[in-house]
Amino acid sequence: MSTNPSREPGLSIRPDVTRLSGILRADQIRHDTLVVLVAGWGDDDTREDVIAQLDTLAEAVTSPREGELDHLVEAVEAAASMDDAEVALDWARLLRLRDELNAVISSTLGRFARKGAPSVLLAKMPRQRRAS
């Protein structure tokens, strides 16, 4: 496990060990997923449906076919009545994550670009168009 320099490691962005990509960590999503998964455990029908979907997913994990895992994960989410995996971010977290992301971008691009020179890689990256 690598060291995470963030003040808030449970919600952070850091470079991977090769400094070729970044890693987003959002522990709150896993927490919320598990809480929602077991929230209906007291209802026999919900529990049986979730268990059946998890069993089907477990069988598919051993030899998945193209697109099968995504479909089966969605079936588990539907059986457990899960919402989208989202985390609300206040301004302080937004600014901290922006700073962490900028550091990761600098770190990854720094491996390929000379210091002080404009990055050819960054110039060639596709950009999203602003909504009109």
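Definitions and limits used
Residues numbered from 1 in each chain as written. Predicted model: local features only at pLDDT ≥ 70, side-chain atom pairs only at ≥ 80, totals over all residues. Heavy atoms only, no water. Helix = DSSP H or I, 4+ residues; strand = E, 2+ residues; numbered from the N terminus. Buried < 20%, exposed > 50% of the residue type's maximum accessible area, 1.4 Å probe, protein only. Contact = heavy atoms within 4.5 Å. 1 Å grid on protein atoms, 1.4 Å probe; cavity = no way out; pocket = protein on both sides within 12 Å on 5 of 7 lines; lining within 4 Å. Points joined across faces, edges and corners; volume = space filled by probe spheres on them. Nonpolar A, V, L, I, M, F, W, Y, C, P; charged D, E, K, R; others polar. Patch = residues over 30% accessible without salt bridge, like charges linked within 9 Å, V, L, I, M, F, W, Y side chains within 5 Å. Areas by Shrake-Rupley, 256 points an atom, 1.4 Å probe, with all protein chains shown as cover. Salt bridge = Lys/Arg side-chain N within 4 Å of Asp/Glu carboxyl O. Lys, Arg positive; Asp, Glu negative; His and termini not counted. Charge placed at Lys NZ, Arg CZ, Asp CG, Glu CD. Polar contact = N/O pair within 3.5 Å; in protein donor to acceptor, adjacent residues only side chain to side chain. Pairing = 2+ DSSP bridges. Axes fitted to C-alpha atoms, helices over the stretch in contact; angles between N-to-C directions. Parallel < 35°, antiparallel > 145°, perpendicular 65-115°, else oblique. Left-handed = near helix turned anticlockwise from the far one by under 90°.

Participant: Sorry, what's going on with the overall build of the protein here?
Facilitator: A tally of helices and strands in the protein yields 5 helices and 2 strands. In the protein, which comprises 132 residues, the proportion classed as buried is 19%. Long-range pairs, those at least 24 residues apart, make up 48% of the contacts in the protein between residues at least 6 apart in sequence.

Participant: I keep staring at the layout of surface pockets and nothing clicks. Help me out?
Facilitator: Empty space among the atoms becomes apparent when a probe as large as a water molecule is rolled across them. Estimates place the volume of the largest pocket at around 210 Å³. Residue composition of the lining of the largest pocket, grouped by class: 4 nonpolar, 3 polar and 5 charged.

Participant: I would appreciate a short explanation of a negative patch on the surface in the present structure.
Facilitator: A cluster of acidic residues, Glu66, Asp70, Glu74, Glu77, Asp83, Asp84 and Glu86, forms a negative patch at the surface. Inspection of the secondary structure assignment puts Asp83 in the loop between helix 3 (68-79) and helix 4 (91-110). For Asp83, a relative accessible area of 72% corresponds to the exposed category.

Participant: Looking at this structure, how should I read unusual backbone geometry?
Facilitator: As a rule of thumb, non-glycine residues mostly have phi less than zero, and peptide bonds are mostly trans rather than cis. Not every positive phi belongs to a glycine, and Arg19 is a case in point at roughly 60°. Backbone geometry at Ser81 places phi at a positive 55°, although glycine is not the residue there. Tracing the chain through its elements places Ser81 in the loop between helix 3 and helix 4. You can call Ser81 exposed: its relative accessible area is 58%.

Participant: Help me out: how do you make sense of the side chain of Ser12 in this one?
Facilitator: Mapped onto the elements, Ser12 comes out in strand 1 (residues 11-15). There is a polar contact of 2.9 Å between the side chain of Ser12 and the backbone oxygen of Pro9. Once residues within four sequence positions are removed from consideration, Ser12 is found in contact with Asn4, Ser6, Ile23, Leu24, Arg25, Arg96, Leu97 and Glu100.

Participant: Help me out: how do you make sense of the pattern of salt bridges in this one?
Facilitator: Once their charged atoms are close, side chains differing in charge can pair, the charge on each being opposite to the other. On inspection of all chains with the given rule, the structure shows 8 salt bridges. A salt bridge links Asp44 to Arg47, with the shortest nitrogen-to-oxygen separation between them at 2.3 Å. Of this pair, Asp44 and Arg47 are both found in helix 2 (residues 44-61), 3 residues apart, which corresponds to roughly one turn of the helix. Judged by relative accessible area, Asp44 falls into the partly exposed class, the value being 47%.

Participant: Would you explain the pairing of strand 2 (residues 22-26) in this entry?
Facilitator: In regular strands, side chains alternate between the two faces of the sheet. Pairing analysis gives 5 bridges linking strand 1 to strand 2, with the strands arranged antiparallel. Its bridge partner lying in strand 2, Pro15 is registered against Gly22. Linkage of strand 1 to strand 2, two consecutive antiparallel strands, is achieved through a turn of 6 residues, within which Arg19 is found at a positive phi near 60°.

Participant: Even after reading the chapter, I still don't get the packing of helix 2 against helix 3, so can you show me in this structure?
Facilitator: A pair of packed helices can be characterised by two numbers: the angle between their axes and the separation between those axes. Two elements in contact, helix 2 and helix 3, have axes separated by 9 Å at closest approach and are oriented at 165°. Considered as vectors, helix 2 and helix 3 are oriented roughly antiparallel to each other. Our pair here, helix 2 against helix 3, has a crossing hand that is left-handed. Between helix 2 and helix 3, the contacting residues are Thr46, Asp49, Val50, Gln53, Leu54, Thr56, Leu57, Ala60 and Val61 on the first element and Glu68, Leu69, Leu72, Val73, Ala75, Val76 and Ala79 on the second. Partitioning the contact of helix 2 with helix 3 into residue classes produces 11 nonpolar, 3 polar and 2 charged.

Taken by themselves, the reported measurements are silent on function.
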